[in-house]
Amino acid sequence: MQYKEFDDLREQMEDEEQVYKGMEKVDEGLWHKIEKVGSKISFVKDVKALFQYMKDPYVQWYRKSIVVAALLYFILPIDSIPDIAPLIGYLDDLGVIMAVVKYLGSELIPYYD
């Protein structure tokens, strides 16, 4: 499945400065979004693990870039499927988050609580 909005966000993460600006946006909006929808989604543990990975100072900025783009896709209202659509509104978010989790593979395991 193609997510043009995700691809656009990922392309914006081309340098270290952009990644850190994206991280600031994630810091500002992620916990509000989780409070708002956490009970509606089953992948909140994966979102939290990605956040912990993003905050790790030992992870290189270019590895963080895809995580920042995925978390921005989750929190920003630019989804392919609007989040207000009952039941299916978070399927695109789930797809993006799971794709990044699969991409990172075992590298992400230590970041789960």
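Scroll up a little and you will see the structure.
Given the structure is predicted, the values throughout are model-derived calculations rather than measurements.

1. Some words on the nonpolar core
L50, V67, L71, F74 and I97 are the most contacted members of the largest nonpolar core, which has 37 residues in total. Elements represented by at least two residues in this core include exactly α1 (4-12), α2 (16-37), α3 (44-55), α4 (61-75) and α5 (91-104). Looking at this core, the element that brings in the most residues is α4, giving 10 residues.

2. Notes on the environment of L50
With respect to the element layout, L50 can be found in helix α3. Residues L50 and V100, spaced 50 residues apart in sequence, show a C-alpha to C-alpha distance of 8.6 Å. Aside from chain neighbours lying at most four places away, what touches L50 is V67, L71, I97, V100, V101, L104 and L108.

3. Points about a negative patch on the surface
Taken together, the side chains of E11, E14, D15 and E16 make up a negatively charged region of the molecular surface. By secondary structure assignment, the location of D15 is in the loop between α1 and α2.

4. What to know about the packing of α3 against α5
Relative orientation of the contacting elements α3 and α5 amounts to 55°, with a least axis distance of 10 Å. Taken together, the axis directions place α3 and α5 in an arrangement best described as oblique. For α3 against α5, the interelement crossing comes out left-handed. On α5, the residues that touch D46, V47, L50 and Y53 of α3 are I97, M98, V100, V101 and L104. Class assignment of the residues belonging to the contact of α3 with α5 gives a composition of 8 nonpolar, no polar and 1 charged.

Conventions adopted
Positions within a chain are numbered from 1, following the residues in the order the chain's sequence is written. A pLDDT threshold of at least 70 governs which residues receive local features in this predicted model, and a stricter bar of 80 or more applies before side-chain atom pairs are shown or counted, although totals over entire chains, interfaces and linings include all residues. Think of the side-chain values as coming from all heavy atoms in the structure, minus any hydrogens and water. Residues belong to one nonpolar core when they are buried, are Ala, Val, Leu, Ile, Met, Phe, Trp, Tyr or Cys, and are joined through side-chain atoms within 4.5 Å. When a residue's accessible area, from a 1.4 Å probe over protein chains only, is under 20% of the maximum for its type it is buried; when over 50% it is exposed; and in between it is partly exposed. Only runs of H or I of at least four residues qualify as helices and only runs of E of at least two qualify as strands under DSSP, and these elements are numbered from the N terminus. The contact definition used throughout considers only heavy atoms, calling two residues in contact when any of these lie within 4.5 Å. Patches were defined on residues exceeding 30% relative accessible area and lacking a salt bridge, with like-charge contacts within 9 Å and nonpolar side-chain contacts (Val, Leu, Ile, Met, Phe, Trp, Tyr) within 5 Å. In short, Shrake-Rupley with a 1.4 Å probe defines the accessible areas, and a residue's cover is counted only from the protein chains shown. By convention in these notes, a salt bridge is any Lys or Arg side-chain nitrogen within 4 Å of a carboxyl oxygen on Asp or Glu. Only four residue types enter the charge count: Lys and Arg as positive, Asp and Glu as negative, with His and the chain ends excluded. One atom stands in for each charge, and that atom is NZ of Lys, CZ of Arg, CG of Asp or CD of Glu. Note on method: axes are straight lines fitted to C-alpha atoms, helices fitted across the in-contact stretch only, with angles between N-to-C directions ranging 0 to 180 degrees. Angular relationships are summarised with four words: roughly parallel below 35 degrees, roughly antiparallel beyond 145, roughly perpendicular across 65 to 115, and oblique for the angles in between. Handedness of each helix crossing follows the sense of rotation of the near helix against the far helix: counterclockwise by less than a right angle gives left-handed, clockwise gives right-handed. In the scheme used here, Gly and all other residues not listed as nonpolar or charged are polar, with Ala, Val, Leu, Ile, Met, Phe, Trp, Tyr, Cys and Pro taken as nonpolar and Asp, Glu, Lys and Arg as charged.

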